[in-house]
Amino acid sequence: MKHTFKYIFSSVLLFSMFLGHTQETATKTVTKEKPKTETAKPALEEVKKDSIKTDRYGLRVGVDLYKLTRGLYDKDYKGIEIVGDFRLTKKYYIAAELGFEDKTTDDDRLNSTATGTYIKGGFDYNLYQNWLDMENLITIGLRGGFSTFSQQLNSYKIYNANPYWGEQPAVAAGQKYTGLTAGWLEVAMGLKAKVFNNVFVGFGVQLKMLVANSKPSGFDNLYIPGFNRTYDGSFGVGFNYTVSYFIPLYKKKTIIPAIIETPKN
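Please read these numbers as outputs of a predicted model, since none were measured by experiment. Throughout, a residue's number is its position along its own chain's written sequence, starting from 1. It should be noted that, the model being predicted, local features are given only for residues of pLDDT at least 70 and side-chain atom pairs only at 80 or more, the latter also being counted only at that level, while totals for whole chains, interfaces and linings use all residues. Each side-chain value is derived from all of the structure's non-hydrogen atoms; neither hydrogens nor water enter the calculation.

**Digging into the overall build of the protein chain**
Runs of E in the DSSP output that reach at least two residues are strands. Runs of H or I that reach at least four are helices, and both are numbered from the N terminus. Broken down by element type, the protein chain carries 2 helices and 12 strands. Element order for the protein chain, N to C, with α for helix and β for strand: α-β-β-α-β-β-β-β-β-β-β-β-β-β. Among the 265 residues that make up the protein chain, the fraction classed as buried is 38%. Partitioning the intrachain contacts of the protein chain with sequence separation of at least 6 by distance along the chain shows that 68% fall at a separation of at least 24. Approximately 16,300 Å² of the protein chain is accessible, and the part contributed by carbon and sulfur atoms is 61%. Each residue is assigned to one of three classes by its accessible area relative to the maximum for its type, calculated with a 1.4 Å probe on protein chains only: buried under 20%, partly exposed between the two thresholds, exposed over 50%. Any two residues whose heavy atoms approach within 4.5 Å are treated as being in contact. Computed with the Shrake-Rupley method and a 1.4 Å probe, the accessible areas treat only the protein chains shown as cover for residues.

Written out as structure tokens, the structure reads:
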């Protein structure tokens, strides 16, 4: 658990550095006055300052570093997740994640291994107002997730109502259940900051609600690939820590509204 908080703390610190930058714009006031005469009145001058902002549109593809590196320190876990999004409009992005997980869960009464793949798809809305050529994102979005997986019951313990004789030893099972599926909805919140040309780092949190879950005979799914553990019933939480590369495909120009200045008399 301490590794999870370490990733969250480092990610928040990183984005506070990148998204804290602002750019200052200076407005110049241009006034023109005609020489005053006895009959001439001060002239009013309107100065329009049009500027054009170019937005890039394309595909961003990356990988979840948390799942990729977790197996280095957690012998009960293997996994990888590919993330991607495509910019549709100035604010909306199509987003998707595709992954694989192999997770062994050691519960009080049973030990099981979940292995399978998952896919999530939906959209993101960018809440961050970028200045000039900045391309950072603070997003909120919705996803629908689907997983197909297997569960292997490695061992289990028989409940002993009379503890006088001590705890019963675990019974080795090795029984495997295949063809299991699960579906869920999730609200995804995330940050992405451009650190180099076309290279982004990101951090995201997902709040999930399980809507479909096929269970093995005799025990429950303790872990569902893509959804995370099911200890809290139908609700779950997940997060990712990503690095991605943006592939620009085309550009759109946006005209920033003109600034109109009227000199005073």
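Back to the write-up after that little detour.
**Regarding unusual backbone geometry**
Glycine aside, a negative phi is what most residues show, and trans is what most peptide bonds show. Even without glycine at this site, Asn 198 takes up a positive phi of about 70°. With respect to the secondary-structure elements, Asn 198 resides in the loop between strand E7 (171-196) and strand E8 (199-213). The buried category is assigned to Asn 198, whose relative accessible area is 7%. Within the chain, Asn 228 stands out as a residue other than glycine whose phi angle is a positive 100°. As for its position among the elements, Asn 228 is in strand E10 (residues 228-229).

**Let's talk about the pairing of strand E3 (residues 77-87)**
Burial along E3 is one-sided: the residues Tyr 77, Gly 79, Glu 81, Val 83, Asp 85 and Arg 87 are buried and none of Lys 78, Ile 80, Ile 82, Gly 84 and Phe 86 is. Here, strands pair whenever DSSP counts at least two bridges between them. Examined bridge by bridge, E3 and strand E4 (residues 92-106) share 11 bridges and lie antiparallel to one another. Each residue of the ladder has a partner; that of Gly 84, found in E4, is Ala 96. The turn joining E3 and E4, which pair antiparallel and follow one another in sequence, is formed by 4 residues.

**Looking at the environment of Ser 112**
Within the secondary structure layout, Ser 112 lies in strand E5 (residues 110-126). Here the alpha-carbon distance between Ser 112 and Tyr 223, two residues 111 residues apart in the chain, equals 8.8 Å. Discounting chain neighbours no more than four positions away, the residues touching Ser 112 are Lys 103, Thr 104, Thr 105, Gln 151, Gln 152, Leu 153, Asn 154, Phe 219 and Leu 222.

**Quick notes on the pattern of salt bridges**
When a carboxyl oxygen of Asp or Glu is within 4 Å of a side-chain nitrogen of Lys or Arg, the pair counts as a salt bridge. The tally for this structure, following the rule as stated, stands at 14 salt bridges. For Glu 186, the salt bridge is made with Lys 120, and the minimal N-O distance between the two is 3.2 Å. Here the residue Glu 186 occupies a position in strand E7, and Lys 120 occupies one in strand E5, the gap between them amounting to 66 residues. Each member of the pair, Glu 186 as well as Lys 120, is classed as buried. Note that Glu 186 is salt-bridged to Lys 208, the shortest N-O span being 3.7 Å. A residue pair is termed long-range when its members are at least 10 positions apart, and Glu 186 in strand E7 and Lys 208 in strand E8 qualify at 22 residues. Comparing Glu 186 with Lys 208, the two get one shared label, buried.

**Re the packing of aromatic side chains**
What counts as a ring pair is set by centres within 6.5 Å for rings of Phe, Tyr and Trp (its six-membered ring), and what kind of pair is set by the plane angle: stacked under 30 degrees, edge-to-face over 60, tilted for all other angles. Taken as a whole and judged by the stated rule, the model has 8 aromatic pairs. Judged by centre distance (5.3 Å) and plane angle (10°), the ring pair of Tyr 57 and Tyr 250 falls under stacked. Of this pair, Tyr 57 sits in strand E2 (residues 51-64) while Tyr 250 sits in strand E11 (residues 235-256), placing them 193 residues apart in sequence. Taking the relative accessible area as the measure of exposure, Tyr 57 reaches 4% and is therefore buried. Seen from the ring of Tyr 231, Arg 229 lies directly overhead, with NZ or CZ sitting 4.8 Å from the centre. Ring-over charges, as used throughout, are those where CZ of Arg or NZ of Lys falls within 6 Å of the ring centre and within 35 degrees of the ring normal. Just above the ring of Tyr 57 sits the side chain of Lys 252; from NZ or CZ to the centre is 4.9 Å.

**A few points about the nonpolar core**
A general feature of soluble globular proteins is that nonpolar side chains tend to end up buried together. Ranked by size, the top nonpolar core spans 13 residues in total, and within it Trp 184, Leu 210 and Ile 224 carry the most contacts. Sorting the residues of this core by element identifies E5, strand E6 (137-156) and E7 as the ones contributing at least two each. A per-element tally of this core places E7 first, with 4 residues. Residue types Ala, Val, Leu, Ile, Met, Phe, Trp, Tyr and Cys, when buried and joined through side-chain atoms within 4.5 Å, form a set referred to as a nonpolar core.

**Some remarks on the pairing of E5**
Of the pairings in the sheet, the one linking E4 to E5 comprises 15 bridges and is antiparallel in character. Opposite Leu 98, over in E5, you have Ile 119 as the bridge partner. Taking the residues that link successive antiparallel strands as the turn, the E4-E5 hairpin has 3 residues.

Interpretation in functional terms is not warranted from these geometric data alone.
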